[in-house]
Amino acid sequence: MGSLNDKVAIVTGASKGIGRAISIAYAQEGAKVVLAARRREKLESLAAEVTAAGGTPLIVPTDVTSEEQVVALFAATVKAFGRIDIVVNNAGTAVSKPTEELTLAEWRTVVDCNLTGAFLCSREAFKVMKPQRSGRILNIGSISSKMPRPNAAPYTSTKYAIEGLTHSLAVDGRSFGITASVLHPGNVVSDIWGGRADYVREKEGMMAAEELARVAVLMVTLPPDVNLYQAVILPVSQPFLGRG
């Protein structure tokens, strides 16, 4: 039996990168994995991998910036499985541009996805987890909340805010057996790099999303009275402390 046997986990941004790797890792531990992302066709491909890994998938196409769709995601999960044990707030986006060139629309796009989406999912999770008196919320942050890169004001702001949201959720949830934690990745292979991936890999190093997923499994499989509140994972070669 896997360490997540019969546990129900929602993963947002599940269709690629970090979300995909976490979904498969949870499936390998026996979880029922609710796959949430905007594109159904990518989720259908992932669902086959989740099944092959030993998990039970549920596809719920979701845009986390839509309150209506997030509410529907949690309702569909409870209808299918009766409970929710884990929520991974992973959906995210970024805009790399000098601050003075940013449009308000670009700012709002990043904030709505990275921060408001995590809030909406956490709010709905609390509605289910409080009556259960159990549950774990795992927020995917970034080392940018510790050491920002240049020209990344919206992304950096949301990742600092994710840490604050995690603090608040941890305080609000602890009397109800709900834990909240945040996982801060360094450079991970994903689509977020756009055309910069090869440059970043050469200059700083980059890790596979599967390595991060190993930590994401650990953080949600600890005893219910223990919380690994915060973790940082990054390539050994990546400048972190003192980086420019």
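Residues numbered from 1 in each chain as written. Predicted model: local features only at pLDDT ≥ 70, side-chain atom pairs only at ≥ 80, totals over all residues. Heavy atoms only, no water.

Draft legend 1. Here's a closer look at unusual backbone geometry. Backbone geometry at Asp6 places phi at a positive 70°, although glycine is not the residue there. Within the element layout of this structure, Asp6 appears in the segment before β1 (8-12). Of the residues examined, Asp6 reaches a relative accessible area of 48% and is grouped as partly exposed. Unusually for a residue other than glycine, Asn151 sits at a positive phi of about 60°. Tracing the chain through its elements places Asn151 in the loop between β5 (135-140) and α5 (153-173). Overall, Asn151 belongs to the partly exposed group, its relative accessible area being 39%. (Helix = DSSP H or I, 4+ residues; strand = E, 2+ residues; numbered from the N terminus. Buried < 20%, exposed > 50% of the residue type's maximum accessible area, 1.4 Å probe, protein only.)

Draft legend 2. Broad picture of helix α2 (residues 40-52). Compared with the 18 Å implied by 1.5 Å per residue over 13 residues, the 19 Å span of α2 between its first and last C-alpha is a close match. Once α2 ends, the next one or two residues include Gly54, with phi positive near 105°. (Expected span 1.5 Å × (residues − 1).)

Draft legend 3. Quick peek at the environment of Thr116. Inspection of the secondary structure puts Thr116 in helix α4 (residues 104-132). For Thr116, a relative accessible area of 29% puts it in the partly exposed group. Sequence spacing of Thr116 and Glu67 is 49 residues, and the spatial spacing of their C-alpha atoms is 9.3 Å.

Draft legend 4. Spatial organisation of empty space enclosed by the protein. In total, this model carries one cavity of 30 Å³ or more according to the counting rule given. Empty space within the largest cavity amounts to approximately 70 Å³. Around the largest cavity, the lining comprises 13 residues; the ones closest to its centre are Asn89, Asn90, Ala91, Asn114 and Ala118. Among the secondary structure elements, those contributing two or more residues to the lining of the largest cavity are α4 and α5. Among the residues making up the lining of the largest cavity, the classes are represented as seven nonpolar, five polar and one charged. (1 Å grid on protein atoms, 1.4 Å probe; cavity = no way out; pocket = protein on both sides within 12 Å on 5 of 7 lines; lining within 4 Å. Points joined across faces, edges and corners; volume = space filled by probe spheres on them. Nonpolar A, V, L, I, M, F, W, Y, C, P; charged D, E, K, R; others polar.)

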